[in-house]
Structure formats: C-alpha cells, structure tokens
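Now for the letters of each chain:
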Amino acid sequence: MGEQHSVKFPQEVIDEYAALGIDLPALFSAGDLGVRMGVQIVEASADRVVGTMPVEGNTQPYGLLHGGASAVLAETLGSVGSMLHGGSGKLAVGVDLNCTHHRGARSGLVTGVATPVHRGRSTATYEIVITDEQDKRVCTARLTCLLREVQPNGTAG
C-alpha cells in the first residue's frame with residue numbers, strides 16, 4: 001500500500017495544469033484515506049476513471065469486503081472524474097453517494113470504473129461499477145459532486 005505508481009492522465013489535462021505551474025501526476029493521489037486503504041488509480045480522465053483496491057485489510061468481521069470500503073473506492077473514483085471534468089478552475093465536492101452491494105468479496109483486488117451520467121457546469125454525476133477478479137459485480141454506486149469555483153487563495157468559493 002502507499003507505493004508510488006503512475007496515473008495515466010490525458011496529455012491535454014497534464015498540459016492545462018502544467019500551465020498553472022502544477023505537476024498533476026506528482027500531485028495526484030487517492031488522498032490519505034485512499035492510501036491507507038490501498039486505492040490505486042490506474043487511469044483518469046473526465047470520461048473514465050479506473051482504480052483498484054485490495055480486499056485484504058478492508059474487510060468487516062465476517063471476512064467480506066466492507067461496504068464502507070466500496071464506498072471509499074467509489075467516491076474516490078467519482079470525485080476524480082468530477083474534478084477532471086470541472087477543470088483547474090473548479091473543485092469537486094461530493095454531495096450525494098449511494099451504493100448497492102450485490103455480492104461479497106473475500107480476497108484479491110476489486111476494480112472500480114467510474115463513467116459520467118451527467119456533466120454540467122455546477123454538478124457532475126458518475127456511476128461507479130466495482131467488480132471482483134472474476135469480473136462479477138460487487139457494488140454499483142452513484143456519486144454527485146458540486147463543482148465550486150476555485151478562489152484566488154486556492155479554496156472553494
């Protein structure tokens with residue numbers, strides 16, 4: 001967990017952030033919680049975000065993947081997609097997350113794929129499908145993010 005890896009960003013997104021003096025690949029991560037849970041972002045664009053998370057270390061007392069862990073993976077992937085859709089002038093803030101848990105996972109990696117349902121000026125909604133290593137659906141989630149203007153001091157307005 002927490003090892004360095006390279007996220008695949010579209011070149012135009014890297015260039016947009018580079019023009020602002022930001023090295024996006026160096027800056028980007030799944031956040032402190034995502035790192036603790038072993039979330040790895042594999043691919044990231046406004047059209048599709050893919051990430052993985054180990055089941056081991058993220059289970060509930062019965063040895064199954066914890067539903068909250070699936071929610072962390074889903075919110076991470078949907079937030080990244082929303083952030084990339086909003087661009088460098090906006091911050092994505094999650095306002096609604098719902099998850100339906102279809103089956104348990106006991107080992108291996110789960111993979112989440114986030115795709116847009118709606119991409120507007122002030123909100124973005126992503127569907128996130130999480131599958132196990134046999135490509136069986138473990139969880140379906142939907143995340144809506146508010147897109148807030150970045151203030152000159154770098155905070156959300």
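The structure under discussion appears in the preceding block.
How each quantity is defined
Residues numbered from 1 in each chain as written. Predicted model: local features only at pLDDT ≥ 70, side-chain atom pairs only at ≥ 80, totals over all residues. Heavy atoms only, no water. Helix = DSSP H or I, 4+ residues; strand = E, 2+ residues; numbered from the N terminus. Contact = heavy atoms within 4.5 Å. Core = buried A, V, L, I, M, F, W, Y, C linked by side-chain atoms within 4.5 Å. Buried < 20%, exposed > 50% of the residue type's maximum accessible area, 1.4 Å probe, protein only. Pairing = 2+ DSSP bridges. Axes fitted to C-alpha atoms, helices over the stretch in contact; angles between N-to-C directions. Salt bridge = Lys/Arg side-chain N within 4 Å of Asp/Glu carboxyl O. Patch = residues over 30% accessible without salt bridge, like charges linked within 9 Å, V, L, I, M, F, W, Y side chains within 5 Å. Areas by Shrake-Rupley, 256 points an atom, 1.4 Å probe, with all protein chains shown as cover. Expected span 1.5 Å × (residues − 1).

S.K.: What exactly am I supposed to notice about the overall build of the protein here?
M.R.: Within the protein one finds four helices and six strands. Counting helices and strands in the order they occur from the N terminus, the protein gives α-α-α-β-β-α-β-β-β-β. In the protein, the proportion of contacts linking residues at least 24 apart, taken out of those at least 6 apart, comes to 63%.

S.K.: Is there a simple way to think about the nonpolar core in this case?
M.R.: As a rule of thumb, soluble globular proteins bury nonpolar side chains together. Grouped together as the largest cluster of nonpolar side chains are 33 residues, with contacts concentrated most on Met53, Leu65, Leu84, Val110, Ile128 and Ile130. With eight residues, the top contributor of residues to this core is helix α4 (residues 67-86). Excluding anything up to four places from it in sequence, Leu65 contacts Met53, Val55, Asn58, Thr59, Gln60, Ser70, Ala105, Val110 and Val138.

S.K.: Looking at this model, I keep getting lost on the sheet that holds strand β6 (residues 137-149). Mind explaining?
M.R.: Pairing between the strands of a sheet comes from backbone hydrogen bonds, and it takes one of two forms, parallel or antiparallel. What the six strands build is an open sheet, ordered β1-β2-β4-β5-β6-β3; its pairing is antiparallel. Each having just a single partner strand, β1 (40-44) and β3 (90-101) make up the two edges of the open sheet. With direction set aside, neighbouring strand axes in the sheet form an average angle of 25 degrees. Bridge count for β3 against β6 is 11 bridges, and the pairing is antiparallel. The residue bridging His101 from the neighbouring strand is Cys139, located in β6. Across the sheet, α4 lies against β1, β2 (49-54), β3, β4 (109-119), β5 (123-131) and β6, angled at about 140 degrees from β5, the strand it touches most.

S.K.: Even after reading the chapter, I still don't get the environment of Gly94, so can you show me in this structure?
M.R.: The residue Gly94 is located in strand β3 in this model. For Gly94 and Thr144, which are 50 residues apart along the polypeptide, the C-alpha to C-alpha distance reads 5.9 Å. Not counting residues up to four positions away in its chain, the partners in contact with Gly94 are Glu75, Leu143, Thr144 and Cys145.

S.K.: Help me out: how do you make sense of the pattern of salt bridges in this one?
M.R.: A side chain of one charge can pair with a side chain of the opposite charge when the charged atoms of the two come close. Going through the model one piece at a time under the given rule, you end up with four salt bridges. The partner of Arg119 in a salt bridge is Asp47, with the nearest N and O atoms 2.8 Å apart. Remark: Asp47 occurs in the loop between β1 and β2 and Arg119 occurs in strand β4; sequence separation between them is 72 residues. The class of Asp47 is partly exposed, set by a relative accessible area of 49%.

S.K.: Teacher, can you tell me more about a nonpolar patch on the surface here?
M.R.: Where nonpolar side chains cluster on the molecular surface, the patch consists of Leu91, Val93, Val95 and Leu146 and spans about 270 Å² of accessible area. With three residues, β3 is the single largest residue contributor to the nonpolar patch. Its location among the elements puts Val95 in strand β3. On the basis of relative accessible area, Val95 is assigned to the exposed category, the value being 51%.

S.K.: Would you mind showing me how to read α4 here?
M.R.: Residues three or four positions apart in an α-helix share a direction because the helix packs 3.6 residues into each turn. The end-to-end C-alpha distance of α4 is 28 Å, a good match for the 28 Å that 20 residues give at a rise of 1.5 Å each. Following α4 by one or two positions, Gly87 adopts a phi angle in the positive range, close to 80 degrees.

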